Every structure is written in structure tokens, then in C-alpha cells.
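Observations on the model geometry
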Amino acid sequence: MHKNWRDCSQWRHEGLPLSTTSNEACKMFDAVLTQYVGWYDDPSVGGIENCVSKMLEADPNFVMGQVLSNGLELMGTGRTTRLDPDFQASLDKMITQADKTDLTGRERKHVNAVKLWADGCTTKACDVWEDILVEYPTDMLALKMAHGSYFYLGFQPHMRDSIARVMPHWKEDMPLYSYLMGMHSFGLVETNFYKQAEEAARKGLNMNSKDAWATHALCHVLEMMGRQNEGISFLSTTLADWTTCGMLACHNFWHWALYHIEKGEHAGALDIYDGQVGPRVKSGAMLDIVDATSLLYRLEMEDINVGERWQDVFEICRPHIDDHILSFNDVHILISCMGAKRKEVTEQMMESIKQFVSNGQGHNNDITREVGLPICEAFQAYNDGHFGRAVDLMYPVRYKIVTIGGSNAERDLFNLFLINAALKSKDKTHHRIARQLLMERKALKENAPMTDRLIARAVALHGDE
């Protein structure tokens, strides 16, 4: 792992000068960026939050330090300037300082991109980062911010191609080079290039066995190809490598649990939840929240009683019911309200979403109106026992669900939801839809025990129709 933090002269030498005279600020900028890209806290420098503090203490007027700090908050998707005046003040300070500082054109674009993202103009922010990468293809901050944003937007080809077009400009001896492999692999797997994705992920892991994003990308390959046993073996034998990356460890445990659910090994999935996912969701990180809610809901769709586990997750989700930063997050937060049987809060959140659709602005507002709100209404209908209505709400938008973001594996929750709703509906047309969806699912992944179980269930319930 890269630890030889770059000072002012080294950043200039790489063609990425930073407008500060503080070597310490430059070094801490590198330390923060490295931990962000690697999904870990480096104990030798006190972790990423400590490095952010040191960076801004070393030079309180360091604009790119403020860009990085605010950018990380945005990418965490747990804070919004719409509801958080302290966060808005931090953005305002960055913009004011940028106006007073003699910045490079590249740095000014970074400021603009973060401002656009905070204002809800996510796609425009990505355009700015891509503009930077045309001239500065080795700008890892622009590359990583765009990569993460494309994931949130559901822009899968963009996620793949953004990495591919800059890779020829990188050299193997450049800091953070190995992480490009995992990032490219993830874009490849999300666009169904499984063989190439596996090759890229394994290349990245050969360079750096502790690259949790490459580990994660390979997990996706094994998930999408129905290689559950390989997935369990891979994660169990590399545990000491990827658990060092605490920011992504919960998600990789989620993948491990998914292999067990697919195989019908529900006790194994619950063990992972109780031993890893449940404790880790207490971090409050939105990715961990999504993992916990998704895992519990999938188990419930398999008729597994998860007991009181929902209560702890709900309490962690509760402060975010009015955020509406990503529609993908909203659905999972709503699921936690329903899982905990908090009907009043469920109604409150649904009303909040509708108010956001009416009064909000930006890309996520548009997506929530067209796709996110119908999905939330479908889950609410299902929760209230109105399975036919759930199908009628979800089925028309199923090919648009990609626009709420997340991965193919994560969004499979909605495929499973629709199948389960159609099976439970009283409408015979919905029963035929369920069978067709199952055939579609089987065609995509032959080795899919869960699909086989659902097919058997469909035959048992409606085989005479």
C-alpha cells in the first residue's frame, strides 16, 4: 500500500500541483485520498478522519483540502446541505476561499464539481470531472469521484469507460495505480463482461491483495455467474486481506451472506448478519445501512423470521428519513421502517418523499418522481398485504430501476420482490408474469438454487393455471 505521502514538489512533478505552500497539507491530502481510494483507515496516520483534520489544520485555506473533505461527505450520502446548515457552511467556506485564492484551472473545476453535486446536479458534476480527466488523466480524485457518482446514478457504461480511457496514461510505478484494476473490473462486471472483469480483478489483487474494491468486484463476478461455492471459498480464504478495509468490509460480508441465501443456507447468512453486518451497521455509514436492510428483507422473502433485528437497524436509519439524497437509499430506509413495524414513521417518510418530489430539484428529484416513488409505494402496498397493487406499481418501472443506482446484485432485491409479489397476488395474470420473470431469471444465471426454489413454489401455488 502507498504510504510515501507526496509533498508540494512531488504533486507539481506529477503535473497535479496543489495551491498550498504547506508540505504537511499536501501529504495529508495524499493520505486522505489514498485511504478513500483503498476503503481503509491507516492506523499509522490515525485514520482518514484524523488525516482530514490534520490537512485542514496544516493549511486552513487549502482549497483542495476543503474540496476533498466536502467531497467525501457528499460521497458518503449521509449528509445534505438541504437539511444540514453546518454542511452548507462548509461548502460556502470552500467557495469563498476559492474566490480569494489563485487556483489552477483544474482546481477551480474541482470546486465547481463539488458545488454542483451538493446542489443536486450530479450528472453535471460528473461532466466537470470528466473535463478534468481529458487534460489530467492521472487525477485520481476526479477519477474516483466520477466512478462513485456513476455508481449512484446507475450509469454503468460510464463507470466502465471512464476508467478504460485513462488507463493508458498511467504507469505501474505511479501511486494508486493498482486500484485502477478493481475500479475497471467493477465497471466491466456491471456491464456483463464477466470474463474481462474477473481478469482485471485478479490482476489488481495480484498487485495488492488488500484491495477491497477488487475483492468486491470479483464477488460480483462470482455472484452474477452463479459460482456461490467459489465465492464462499474466496472470501473465507482472503478474510485477513479484505477485512483490513473497514469501510467496505460490511459490504463484502453482505456478498458472503448472499451466496448462502442463494444456496438456501439461511442459518449461515444469519450468522454473518449477527456476527458482522449487524454490528458493523452501527457505524451509521449509508452503505452499511443498505447492506443490513437488504439482507434482512431478502431473508424475510425466504420466509425466515429475523425477529427483533429490524429494531436496531431502524434506529440507525431514523435520522435519515427526510434526507432524499439518493432514491436508492430512500427505499432501503423505508424498508427498515416497515421491518420494524413503525407504521406511523413509514407514513411520515412516504409523505416526506412526496413533498420532496413536489418541492425539490436536481437529478435525484427527477428519478424519485419517475421511479423511486413508485418503488416505495410498491413496498408499502406489499407490506400492507396489497400484493397485486405492488405488482402494478413495480412492473411498469422494472427496466428503469437501474436509474436509482446501486449494483446489479443490489438491485436484484427488486427483481425478487416483484416475483414474490406476483406469486402472492390474487390476479392470475400476475401469476403468469411471475413464471415469465422466473424463466428470464434462469436464462441469465443457470446455477441459481433460489430461482429453482421459486419455480417450485410457483408450480405448487399456481401449477394448474
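Each remark here, short or long, concerns the structure printed above.
Residues numbered from 1 in each chain as written. Predicted model: local features only at pLDDT ≥ 70, side-chain atom pairs only at ≥ 80, totals over all residues. Heavy atoms only, no water.

For the chain, the count of helices and strands is 25 helices and zero strands. Here the C-alpha radius of gyration of the chain, 22 Å, is about what a compact globule of 465 residues would show, namely 23 Å. Projected onto the principal axes, the alpha-carbon positions of the chain cover approximately 75 × 50 × 35 Å. Considering only contacts in the chain between residues 6 or more positions apart, those separated by 24 or more positions represent 64%. (Helix = DSSP H or I, 4+ residues; strand = E, 2+ residues; numbered from the N terminus. Rg over C-alpha atoms; globule rule 2.2 N^0.38 Å. Contact = heavy atoms within 4.5 Å.)

Here Leu176, not a glycine, exhibits a phi torsion of approximately 75 degrees, which is positive. Along the chain, Leu176 turns up in the loop between helix H9 (156–164) and helix H10 (179–190). Assessed through its relative accessible area of 5%, Leu176 is described here as buried. Although it is not a glycine, His324 sits at a positive phi angle of roughly 55 degrees. By the secondary structure assignment, His324 is in the loop between helix H18 (309–317) and helix H19 (327–339). (Buried < 20%, exposed > 50% of the residue type's maximum accessible area, 1.4 Å probe, protein only.)

This brings us to the environment of Ser425. Looking at the secondary structure, you find Ser425 in the loop between helix H23 (408–424) and helix H24 (428–444). Here Ser425 falls in the buried class, since its relative accessible area comes to 5%. Distance from Ser425 to Asp41, taken between C-alpha atoms, is 48 Å for residues 384 residues apart in sequence. Every residue in contact with Ser425, bar those within four places of it in the chain, is listed here: Phe387, Gly388, His430 and His431.

In this section: the packing of aromatic side chains. Taken as a whole and assessed by the stated rule, the structure comprises 16 aromatic pairs. The positively charged end of Arg6 is found above the aromatic ring belonging to Trp11, 4.0 Å away from the centroid. One cation-aromatic arrangement involves Arg106 over Tyr136; the distance from NZ or CZ to the ring centre is 5.8 Å. (Phe/Tyr/Trp six-rings, centres within 6.5 Å; stacked < 30°, edge-to-face > 60°. Lys NZ or Arg CZ within 6 Å of the ring centre and 35° of its normal.)

In this section: the side chain of Ser327. You can see Ser327 is positioned in helix H19. Residue Ser327 is classed as buried on the basis of its relative accessible area of 1%. In contact with Ser327, other than residues within four places in its own chain, are Asn364, Thr368, Gly372 and Ile404.

This brings us to H10. Compared with the 16 Å implied by 1.5 Å per residue over 12 residues, the 17 Å span of H10 between its first and last C-alpha is a close match. For H10, the complete set of buried residues consists of Tyr179, Leu180, Met181, Gly182, Met183, His184, Ser185, Phe186, Gly187, Leu188, Val189 and Glu190. Looking at the buried side of H10, the elements it contacts are helix H2 (23–38), helix H8 (140–153), H9, helix H11 (194–207), helix H12 (212–224) and H23. Two residues or fewer after H10 comes Asn192, characterised by a positive phi angle close to 70 degrees. (Expected span 1.5 Å × (residues − 1).)

Assignment of secondary structure puts His110 in helix H6 (residues 105–118). With relative accessibility at 1%, the residue His110 sits in the buried group. Side chain to side chain, His110 and Asp139 meet in a polar contact 2.9 Å long. Beyond its immediate chain neighbours, meaning those up to four positions away, His110 contacts Met64, Val67, Trp129, Ile132, Asp139, Leu141 and Ala142. (Polar contact = N/O pair within 3.5 Å; in protein donor to acceptor, adjacent residues only side chain to side chain.)

Scanning all chains against the criterion turns up 28 salt bridges. Beyond isolated ion pairs, a larger network of salt bridges with shared partners links Glu198, Arg202, Arg227 and Glu230. (Salt bridge = Lys/Arg side-chain N within 4 Å of Asp/Glu carboxyl O.)

Under the 1.5 Å per step criterion, the end-to-end length of helix H20 (residues 343–359) is 24 Å for 17 residues, consistent within 8% with the ideal 24 Å. When H20 is considered as a whole, its buried residues turn out to be Val345, Thr346, Met349, Met350, Ser352, Ile353, Phe356 and Val357. The arc enclosing the buried residues of H20, seen along the axis, measures out at 160 degrees, which places them on a common side. Those residues of H20 that are exposed and angled more than 90 degrees off the buried face are Lys343, Glu344, Ser358 and Asn359. In this fold, the buried residues of H20 make contact with H18, H19 and helix H21 (363–383). (Arc of directions from axis to C-beta.)

Where helix H16 (residues 266–280) contacts helix H17 (residues 286–301), the two axes come as close as 11 Å, and the packing angle between them is 155 degrees. By the angle class used here, H16 and H17 are roughly antiparallel. The hand of the H16/H17 crossing is left-handed. Along its contact with H16, which presents His266, Ala269, Leu270, Tyr273, Val277 and Arg280, the element H17 presents Asp288, Asp291, Ala292, Leu295, Leu296 and Leu299. (Axes fitted to C-alpha atoms, helices over the stretch in contact; angles between N-to-C directions. Parallel < 35°, antiparallel > 145°, perpendicular 65-115°, else oblique. Left-handed = near helix turned anticlockwise from the far one by under 90°.)

As for its placement among the helices and strands, Lys115 is situated in helix H6. On the basis of relative accessibility, which here comes to 35%, the residue Lys115 falls in the partly exposed class.

Take the packing of helix H4 (residues 63–76) against helix H5 (residues 85–100) next. For the pair H4 and H5, interaxial distance at closest approach is 10 Å and the crossing angle is 150 degrees. Comparing the axis directions of H4 and H5 gives the class roughly antiparallel. As for the relative orientation of H4 and H5, their crossing is left-handed in sense. Of H5, the residues touching H4 (which contributes Val63, Gln66, Val67, Asn70, Glu73 and Leu74) are Phe87, Ser90, Leu91, Lys93, Met94, Gln97 and Ala98. Here the residues of the contact of H4 with H5 sort into seven nonpolar, four polar and two charged. (Nonpolar A, V, L, I, M, F, W, Y, C, P; charged D, E, K, R; others polar.)

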